[in-house]
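Here is what each chain is made of, one letter per residue.
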Amino acid sequence: HVDLKRARPRAIYRCFQRTWSARAVDEQRIVIALGGNAIQRSTEKGTAEEMMHNIRIACEQMCTLITENNSNNHKKLIITHGNGPQIGSLYLQNQTCHAHGLTPALPLYLCGAATQGMLGYMLQQTLYNILSSHDHSNLQYNVISHITQVLVDECDEAWSDPSKPIGKYYSKEESEKMCNEDANLVMLEDKARGGYRIAVASPKPIDIVEHEKFVIKSLLEHKRDDNHNNVIIACGGGGIPVIQEQRNDSAVMQLKGCDCAVIDKDLTAVKLAICVDAEYLIIATDVECVYLDFVNNNDGDHDGAKRVKRAISSMTVNEARKHFEDGHFGKGSMGPKILAAIQFVSETNKTCIICSLADIEKAIKGQSGTAIVP
């Protein structure tokens, strides 16, 4: 165990290198969770060109990880991603077209499935093109995007407390007008990024359906020969939320999609990382690291004073838990990421890194981001 609080960045990188060298005969699995807000930033409209540009930045970073030490062929990447802005936009398109009598409205879980496929395709194609353009000593990579369902509890308390922001950002005036027009609508303010967003329920993930059937693990481990490797994209948008129910007086439990819910992708990423026995979980978002006093910096203390936000390069899981309890992290932004990091590190005794989309490679080397360690 290395105390990353006292270690210099190069020492952190050497710690990673020693781990990789010690497991050269084995493969090392890294789960990377890309934030939906990093794929579409709050200042962007969400055009296909903007999203592809941001995805390419991330894929360039991941390509380096995939191909590094490729002669030993012992790194495997499993990628998951958020879809908050994208599912919100698609849902709004559906509702608008339905209101004008143009098309029927689709339930939110089908919008989730559609955006999971859309973003999976964009990641899959971009990674394929980048990997194909490089010389990898005759190694070939198959990039596979898998539509994934995630089981949730229909009695989860989250159903009565919508906390997951989706879609575009609205002004305060627009938010108030929308709530006046729809009494069931819940809007949450995101002071860190500026504006209000529609909020939906975010039940906790219980299990990944396709892991239970060993589908993801089979895809990860299968290869035609030693010159082929699979890169897996799964659990996009936290997975499509489903519940189990009995139908037609049958004792066999069947799956059913859940409307009005989006699962937090970071919590599902923890499930995914544990399922595939990943050494590291990397949560990539639209900020370069974790900050303390970030919420206070925006909100002000009870006496009106504002504290200067402080970047933190590393913390133990117990320190992360205390900072969360002290209210340093926003409920709909950094908070879920910290909870995911705490869960992963506590259950696996391994390391979680939170960093920006553009700094994935630097974060692995200890030059950026925040490491949460046992």
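One structure accompanies this document, and this report is about it. (Residues numbered from 1 in each chain as written. Predicted model: local features only at pLDDT ≥ 70, side-chain atom pairs only at ≥ 80, totals over all residues. Heavy atoms only, no water.)

### Describing the sheet that holds strand E3 (residues 140–146)
Defined as follows: DSSP-based pairing: two strands are paired if at least 2 bridges between them are found. Labels follow the DSSP assignment, with helices taken as runs of H or I lasting at least four residues and strands as runs of E lasting at least two, numbered in each case from the N terminus. Axis lines are fitted through C-alpha atoms, for helices just across the contact stretch, and the angle between N-to-C directions can take any value from 0 to 180 degrees. Should any heavy atoms of two residues lie within 4.5 Å, those residues are considered in contact.
Strand order in the open sheet formed by eight strands is E3-E9-E2-E1-E12-E16-E17-E15, and the pairing between neighbours is mixed. Every interior strand has two partners, whereas the edge strands, E3 and strand E15 (314–316), have only one. Averaged over all adjacent pairs, the angle separating strand axes in this sheet is 20°, with direction ignored. Where strand E16 (residues 351–356) meets strand E17 (residues 370–373), three bridges bridge the pair, whose relative direction is antiparallel. When the bridges of E17 are listed, Ile353 appears paired with Ala371. Most of the contacts of helix H9 (residues 265–275) go to strand E1 (residues 28–34), to which it runs at about 170°, and overall it touches E1, strand E2 (75–81), strand E9 (228–234) and strand E12 (280–285). Against the sheet, helix H12 (residues 334–348) contacts E12, E15, E16 and E17, and its axis sits at roughly 155° relative to E16.

### Things to note about the pairing of E12
The line we're drawing: Here's how the labels work: a residue is buried when its accessible area is under 20% of the maximum for its type, exposed when over 50%, partly exposed in between, all with a 1.4 Å probe on protein chains only.
Burial analysis of E12 places six of its six residues in the buried class, the great majority of the element. Of the two faces of E12, the one carrying Tyr280, Ile282 and Ala284 and the one carrying Leu281, Ile283 and Thr285 are both buried. In this structure, E1 lies alongside E12, joined through five bridges in parallel fashion. Bridged to Leu34 within E12 is Ala284.

### Quick notes on the sheet that holds strand E10 (residues 240–246)
Taken in spatial order, the four strands of this open sheet run E8-E4-E10-E11, and their pairing is mixed. Each edge of the open sheet carries a strand with a single partner, namely strand E8 (207–208) and strand E11 (253–257).

### Some remarks on the packing of aromatic side chains
Let me state the cut-off plainly: Side-chain rings of Phe, Tyr and Trp (the six-membered ring for Trp) are treated as a pair once their centres are within 6.5 Å; stacked means planes under 30 degrees apart, edge-to-face means over 60, and tilted covers the remaining angles. Throughout this description, the term charge over a ring refers to an Arg CZ or Lys NZ atom that lies within 6 Å of the ring centre and within 35 degrees of the ring normal.
Taken as a whole and assessed by the stated rule, the structure comprises zero aromatic pairs. Here the guanidinium or amino end of Lys309 rests over the ring plane of Tyr291, the centre of that ring lying 4.7 Å away.

### Here's the deal with unusual backbone geometry
Not every positive phi belongs to a glycine, and Cys235 is a case in point at roughly 60°. With respect to the helices, strands and loops of the structure, Cys235 is situated in the loop between E9 and E10. The exposure class assigned to Cys235 is buried, which follows from its relative accessible area of 1%. In the Ramachandran plot, Asn349 falls in the positive-phi region, its phi being about 65° despite a non-glycine side chain. In this structure, Asn349 sits in the loop between H12 and E16. Assessed through its relative accessible area of 58%, Asn349 is described here as exposed.

### Some remarks on H9
For H9, the tally of buried residues reaches nine of eleven residues, placing the bulk of the element in the interior. By the burial criterion, the buried members of H9 are Lys265, Asp266, Leu267, Thr268, Ala269, Val270, Leu272, Ala273 and Cys275. Positive phi shows up at Asp277, right after H9, with a value of about 60°.

### Observations concerning the packing of helix H4 (residues 84–99) against helix H5 (residues 108–132)
Note the following rule: Angles below 35 degrees are treated as roughly parallel, those above 145 as roughly antiparallel, those between 65 and 115 as roughly perpendicular, and all remaining angles as oblique. For a crossing to be left-handed, the near helix must be turned anticlockwise from the far one by less than a right angle; the clockwise case is right-handed. Amino acid classes used here: Ala, Val, Leu, Ile, Met, Phe, Trp, Tyr, Cys and Pro are nonpolar; Asp, Glu, Lys and Arg are charged; the rest, including Gly, are polar.
Put simply, H4 and H5 touch, their axes get as near as 9 Å, and they point 125° apart. Accordingly, the angle class assigned to the pair H4 and H5 is oblique. Handedness of the crossing formed by H4 with H5: right-handed. When H4 is examined against H5, the residues Gln86, Ile87, Leu90, Tyr91 and Asn94 are found in contact with a partner set consisting of Leu108, Cys111, Gly112, Ala114, Thr115, Met118 and Leu119. Per-class residue counts for the contact of H4 with H5 are eight nonpolar, four polar and no charged.

Purely spatial values, then, with no claim about function.
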